[in-house]
Number of protein chains: 2
Amino acid sequence: MSAYWCELAWLGGEAPVPGVLIDVDEQGFVSGVVAHHATTPEATVLPGLTLPGLANAHSHAFQRALRSRAQAADRGSFWTWREQMYALADTLDDDALYRLARATFAEMALAGITLVGEFDYLHRSEALMRAAADAGIRITLLDACYLHGGLERFHDASAHAWAARVDSIEPGREVRLGAAIHSVRAVDPAAAAIVAAFAAERGMPLHAHVSEQPAENEDCLRRHGVSPLALLAGAGAVGERFTAVHATHLLEGDAELLRDAGASVCMCPSTERDLADGIGHPPGPLALGTDSNAVIDVFEEARAVELDERLRTGVRGNHAAAALLGAATGNGYTSLGWPEGGQIATGALADLVSVRLDGPRLAGTRRADALEAVVFAATREDIGAVIVGGRQLALDPAAVAAELSAAIPR
Amino acid sequence: MSAYWCELAWLGGEAPVPGVLIDVDEQGFVSGVVAHHATTPEATVLPGLTLPGLANAHSHAFQRALRSRAQAADRGSFWTWREQMYALADTLDDDALYRLARATFAEMALAGITLVGEFDYLHRSEALMRAAADAGIRITLLDACYLHGGLERFHDASAHAWAARVDSIEPGREVRLGAAIHSVRAVDPAAAAIVAAFAAERGMPLHAHVSEQPAENEDCLRRHGVSPLALLAGAGAVGERFTAVHATHLLEGDAELLRDAGASVCMCPSTERDLADGIGHPPGPLALGTDSNAVIDVFEEARAVELDERLRTGVRGNHAAAALLGAATGNGYTSLGWPEGGQIATGALADLVSVRLDGPRLAGTRRADALEAVVFAATREDIGAVIVGGRQLALDPAAVAAELSAAIPR
């Protein structure tokens, strides 16, 4: 048993709640939540606003090595950036990937990320699962079926070969497995149906890159006569456990399809800006991802959803701060197959992150505006404590920086 | 005489230069710059990348009090946000404004801003100049002529009354004066011509809000038959010392007009996102401003110019990192009437800011990519030293936060 006392906490409503006492049991679950409580000598005090731990629902950890580096190119696009990413991927052996991913996951821990969804098309599940465990955060390993195009070295021989490999993975304690269809570029409809059926049988989350670029839509329409999402729906992939990653350029009917299925969208706005993808407009439950890891700051992702929507529409106040915090926490946990996480409630995983309100970026925040302050003005440098399964992580930015510096290929 | 030795410095080219020794004379100007130099015992070492001090070419300091607070509204627009801003302005007496502005300028100093352009339509030049001096940064006080609409309490009686007031201002040591036309909403063409002639006679910079919102264009076209910029050009305002602030929705012919005149544009991308203004596409020299101060981080402004252009066009690599650093430094100094600043060169003002490359956000940066790292991945928390006129400011984030907290009205 341990306990945390939060100056303010977000319990899912429109406003923060003062004086929240959170009890945690020995299995790392919340065993009690009391609001408007005085602090107690047994409780660890968390100043500022405490949130559920942040879920990064879409990551390719190895792409952290491209940060800054992939900005030096001349005029280009998603497609020229992809060539740089392929060249990097080809240089990473298992040990190099492990070290790079561990350092990147440690950077995520600094940023309050307690659960990462690693969309793995390099097929290096062992190195990635070990890296997350050693960095102290939870992971959903989304093993991506990848049959055609792109990175030939990482091709699966067939969807059945993919399924056999996934069945052979032994997840560790804080690991869950998910399935992924890389994209309709890389997986044909018959193979997509095999992956979807596999995920359905095992109750796994299923993710896919969907309509990140207009060219992907055009190619799919030409070859198959339907949108990428409609193709995936035809393969039985689009249901409640499905997450469409990006969904930037949905075609007619796609939004209804997602909504009717109860599927999620994972936006990755900092990457969608960086790769010149465009501004998406997701229907239904929204999760957030850092994707290329050119930036690792979930607050930046959350506010970008709203700010880019403002640019698109000329209207403010499309997504409330509480809704964006839901995207950054509970919706991400659910999308990644941990529906018992991402909330501060009895029986939930005791994953928490506290955000100080007294640094110069947030100083002057009225309590009533704490949610808006964190979403619209905080950076990860405002984070205080990060707690996974009831245990507070020891955060050491200098050590993480040294680890990153050693792990990133020159 | 003092000296700084920079591990890397940006001297205006496409790449950073290693081992730069900068000598500073007793008047606070750079007296020598030697590249590829070993460090010396007399020089203060600046690790990471050293830039010229950052220029914030467009600020309304008092709006810092709206940070977070103005996000809680329901659906709205620039126009509903403006009502909240007016209500705040009405509560601030001289002392309250001084304290709020001093704390905000201190926050700017933390962010590496060594020169601020304060666009003052509250007509409180004394409080604002004193606030900047006490925070240790330079200021160009842009006194804005404001005749019609909006904040009636702050109306000038006439353009001549405005001119008499500006002539009565006694600028302090690190202060220069500039003229401003609030906007074509607030200043009619005849009055704009008086302001423009006044600025021209005195060689002052002249700034105006231009085409921030489509409604401003429509109103100007309806009333005057020309675009806001063309109206200002007709009043003799648009020349080399002119800066069009925002210029988000330029009309046909406006871009050529700006280019032919050699005028600058000041984009304020974080505010233009926040206020749902839209994505501008500036011709000619670009400066950057934090405007509403909902965010104070010039690196965020700089990358937003490129990232939002990527969203608009689907193309990467529109603005090189060096060009964006020029916008954040030399172009801003020139726009604000300090053409001898914003560069690291003999004879320039010794205003410098160093950015550490060894924190977790920038760890792993290769020297060759240092400009891209700072523009695309740094935040103000990566800033090391801030130097104004050769003297290093004592930065104390906790003290600034306390000052902000005390100064922001509840």
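The shown structure was predicted, so the numbers you read here are calculated from the model rather than taken from an experiment. (Residues numbered from 1 in each chain as written. Chains lettered and ligands numbered in written order. Predicted model: local features only at pLDDT ≥ 70, side-chain atom pairs only at ≥ 80, totals over all residues. Heavy atoms only, no water.)

A.B. asks: Honestly, the overall build of chain A in this entry has me stumped. Any pointers?
C.D. replies: When helices and strands are counted, chain A shows 14 helices and 15 strands. For chain A, whose C-alpha radius of gyration is 20 Å, the value lies close to the compact-globule estimate of 22 Å for 410 residues. The principal-axis extents of the C-alpha atoms in chain A amount to approximately 65 × 45 × 45 Å. Buried residues in chain A amount to 63% of all 410 residues. Sequence separation of 24 or more characterises 69% of the internal contacts of chain A that already satisfy a separation of 6 or more. Here chain A has roughly 13,400 Å² of accessible surface; of this, 52% comes from carbon and sulfur atoms. Charge separation in chain A, taken as the distance between the mean sites of 32 positive and 53 negative side-chain charges, equals 4 Å. (Helix = DSSP H or I, 4+ residues; strand = E, 2+ residues; numbered from the N terminus. Rg over C-alpha atoms; globule rule 2.2 N^0.38 Å. Buried < 20%, exposed > 50% of the residue type's maximum accessible area, 1.4 Å probe, protein only. Contact = heavy atoms within 4.5 Å. Areas by Shrake-Rupley, 256 points an atom, 1.4 Å probe, with all protein chains shown as cover. Lys, Arg positive; Asp, Glu negative; His and termini not counted. Charge placed at Lys NZ, Arg CZ, Asp CG, Glu CD.)

A.B. asks: Mind showing me how you'd approach the interface of chain B and chain A here?
C.D. replies: Each side of the interface is counted separately: chain B has 57 residues, and chain A has 58 residues. Carbon and sulfur atoms make up 53% of the surface buried where chain B meets chain A, a total of about 4,800 Å² over both sides. If you sort the residues of chain B by the area they bury against chain A, Leu311(B), Arg316(B) and Arg361(B) come out on top, with a joint share of 18%. For the pair chain B and chain A, the interface holds ten salt bridges. In this structure, Asp274(B) and Arg310(A) form a salt bridge, with 2.8 Å as the shortest nitrogen-oxygen distance. (Buried area = accessible area lost by both parts, 1.4 Å probe. Salt bridge = Lys/Arg side-chain N within 4 Å of Asp/Glu carboxyl O.)

A.B. asks: Any chance you could explain empty space enclosed by the protein here in plain terms?
C.D. replies: Once rolled over the atoms, a probe with the size of a water molecule shows which space is left empty. Following the criterion strictly, the structure yields eleven cavities of 30 Å³ or more and no others. Taken as a whole, the largest cavity spans an internal volume of roughly 500 Å³. Taken together, 38 residues form the lining of the largest cavity, with Arg273(A), Glu300(A), Arg303(A), Glu300(B) and Arg303(B) sitting closest to its centre. Every element with two or more residues in the lining of the largest cavity is listed here: helix H9 (269-274), helix H10 (298-313) and helix H13 (370-377) of chain A together with helix H9 (269-274), helix H10 (298-313) and helix H13 (370-377) of chain B. (1 Å grid on protein atoms, 1.4 Å probe; cavity = no way out; pocket = protein on both sides within 12 Å on 5 of 7 lines; lining within 4 Å. Points joined across faces, edges and corners; volume = space filled by probe spheres on them.)

A.B. asks: Sorry, what's going on with the relation of the copies chain B and chain A here?
C.D. replies: Mapping one chain copy onto the other needs a rotation about an axis and a shift along that axis. Rotating chain B by 180° and moving it 0.0 Å along the rotation axis overlays it on chain A with an RMSD of 0.0 Å. Viewed as a symmetry operation, the transformation between the two copies matches a two-fold axis. Measuring from the rotation axis to each C-alpha of chain B, the shortest distance belongs to Glu381(B), at 3.8 Å. The share of interface residues of chain B whose copies in chain A are also at the interface is 100%, consistent with both copies meeting through the same surface. (Least-squares fit on C-alpha atoms with pLDDT ≥ 70 in both.)

A.B. asks: I keep staring at the packing of H10(A) against H13(A) and nothing clicks. Help me out?
C.D. replies: When two helices pack together, their arrangement is given by the angle between their axes and by how far apart the axes lie. All names here are of chain A. Close contact between H10 and H13 brings their axes to 7 Å; oriented N to C, the two are set at 85°. By the angle class used here, H10 and H13 are roughly perpendicular. Along its contact with H10, which presents Phe 299, Ala 302, Arg 303, Glu 306, Leu 307 and Arg 310, the element H13 presents Val 374, Val 375, Phe 376 and Ala 377. The class makeup of the residues in the contact of H10 with H13 is seven nonpolar, no polar and three charged. (Axes fitted to C-alpha atoms, helices over the stretch in contact; angles between N-to-C directions. Parallel < 35°, antiparallel > 145°, perpendicular 65-115°, else oblique. Nonpolar A, V, L, I, M, F, W, Y, C, P; charged D, E, K, R; others polar.)

A.B. asks: What's the story with the sheet that holds strand S9 (residues 206-210) of chain B in this structure? I'm lost.
C.D. replies: Sheet strands associate in pairs through backbone hydrogen bonding, adopting either a parallel or an antiparallel arrangement. Residue and element names in this part refer to chain B. Judged by pairing direction, the sheet is parallel, and its eight strands sit side by side in the order S5-S6-S7-S8-S9-S10-S11-S12 without closing on themselves. Across the chains shown, the open sheet's two edge strands, defined by having one partner strand only, are strand S5 (54-59) and strand S12 (286-288). Across the sheet, the axes of successive neighbouring strands diverge by a mean angle of 25°, strand direction being ignored. Both strand S6 (residues 113-120) and strand S7 (residues 138-145) contribute to a ladder of six bridges, which runs parallel. When the sheet's bridge partners are listed, Val 116 is paired in S7 with Ile 139. Relative to S12, H10 is tilted by about 140°, and along the sheet it contacts S5, S6, strand S11 (264-267) and S12. Packing of helix H11 (residues 321-328) onto the sheet brings it into contact with S5 and S12, and relative to S12 it is tilted by some 65°. (Pairing = 2+ DSSP bridges.)

A.B. asks: I tried to follow the domain arrangement of chain A on my own but got confused; where do I start?
C.D. replies: Interfaces are often described in size by the accessible area the parts lose on coming together. Residue and element names in this part refer to chain A. Domains assigned within chain A are domain 1 (2-52 + 342-394) and domain 2 (54-335). Facing 26 residues of domain 1, the contacting portion of domain 2 comprises 27 residues. Both sides together, the interface formed by domain 1 and domain 2 hides about 2,200 Å², and carbon and sulfur atoms give 66% of it. The largest per-residue losses of area from domain 1 upon contact with domain 2 belong to Val 375, Phe 376 and Arg 380, which jointly make up 32% of the total buried on that side. Between the two partners, domain 1 and domain 2, sit two salt bridges. Salt-bridge contacts for Asp 351 lead to Arg 138; the nearest nitrogen and oxygen are separated by 2.7 Å. The tally of links from domain 1 across to domain 2 stands at nine residue pairs in polar contact (both at pLDDT 80 or more). Top element by residues in the side of domain 1 that touches domain 2 is H13. It accounts for six residues. Class assignment of the residues belonging to the side of domain 1 that touches domain 2 gives a composition of 18 nonpolar, four polar and four charged. (Domains from an automatic or database assignment. Polar contact = N/O pair within 3.5 Å; in protein donor to acceptor, adjacent residues only side chain to side chain.)

A.B. asks: What is the right way to look at the sheet that holds strand S6 (residues 113-120) of chain A in this model?
C.D. replies: All names here are of chain A. Read from one edge to the other, the open sheet built from eight strands follows the order S5-S6-S7-S8-S9-S10-S11-S12, with strand pairing classed as parallel. Edge positions in the open sheet fall to strand S5 (54-59) and strand S12 (286-288), since each of these has one partner strand only. Averaged over all neighbouring strand pairs, the angle between strand axes comes to 25°, with direction disregarded. As defined by bridge partners, strand S10 (residues 242-246) adjoins strand S11 (residues 264-267) across three bridges and the pair is classed as parallel. Across the sheet, the residue bridging to Val 245 is Cys 266, located in S11. Helix H2 (residues 94-110) contacts S5, S6 and strand S7 (138-145) of the sheet and is inclined by roughly 145° relative to S6.

A.B. asks: Whenever I open this one, the packing of helix H11 (residues 321-328) of chain A against H13(A) confuses me. Can you help?
C.D. replies: Residues and elements named next belong to chain A. For the pair H11 and H13, the least separation of the axes is 9 Å and the interaxial angle reads 60°. As summarised for this structure, H11 and H13 are arranged oblique, according to the angle between their axes. Every pair of crossing elements has a handedness; the one defined by H11 and H13 is left-handed. Of the residues in H13, those in contact with Ala 321, Ala 322, Leu 324 and Leu 325 of H11 are Leu 371, Glu 372, Val 375 and Phe 376. Its residues assigned to classes, the contact of H11 with H13 shows seven nonpolar, no polar and one charged. (Left-handed = near helix turned anticlockwise from the far one by under 90°.)

A.B. asks: Please clarify how the environment of His319(A) should be interpreted in this entry.
C.D. replies: All names here are of chain A. Within the fold, His 319 resides in the loop between H10 and H11. Accessibility expressed as a relative area gives 23% for His 319, which makes it partly exposed. Counting along the chain gives 13 residues from His 319 to Glu 306, while the straight-line C-alpha distance between them is 5.9 Å. Dropping the residues within four chain positions of it, His 319 is found in contact with Val 305, Glu 306 and Leu 324.

A.B. asks: Could you clarify how one ought to interpret the pairing of strand S9 (residues 206-210) of chain A in this entry?
C.D. replies: Regular strands place their side chains on alternate faces of the sheet. Residue and element names in this part refer to chain A. Among the five residues in S9, five count as buried, and that is most of the element. With burial as the criterion, each face of S9 is covered, one bearing Leu 206, Ala 208 and Val 210 and the other bearing His 207 and His 209. Handedness of the crossover joining strand S8 (residues 175-181) and S9 through helix H5 (residues 189-202) is recorded here as right-handed. Taken together, the five bridges between S9 and S10 define a ladder with parallel strand orientation. Directly across from Ala 208, in S10, lies its bridge partner Ala 244. (Right-handed = clockwise from strand over helix to strand, strands pointing away.)

A.B. asks: In this structure, what is going on with helix H5 (residues 189-202) of chain B? I would like to understand it.
C.D. replies: Two residues of an α-helix separated by three or four positions point the same way, owing to the 3.6 residues in each turn. Residues and elements named next belong to chain B. Between its terminal C-alpha atoms H5 stretches 20 Å, which fits the 20 Å expected from 14 residues at 1.5 Å a residue. Among all positions in H5, only Ala 191, Ala 192, Val 195, Ala 196, Phe 198 and Ala 199 are buried. What you see down the axis of H5 is that its buried residues fit within an arc of 160°, all on one side. What points out from H5, more than 90 degrees from its buried face, is the exposed set Ala 190 and Glu 201. Contacts made by the buried residues of H5 are with S7, helix H4 (159-168), strand S8 (175-181), S9 and helix H7 (228-234). N-capping of H5 is provided by Asp 188, with a side-chain oxygen placed 3.2 Å from the backbone N of Ala 190. (Expected span 1.5 Å × (residues − 1). Arc of directions from axis to C-beta.)

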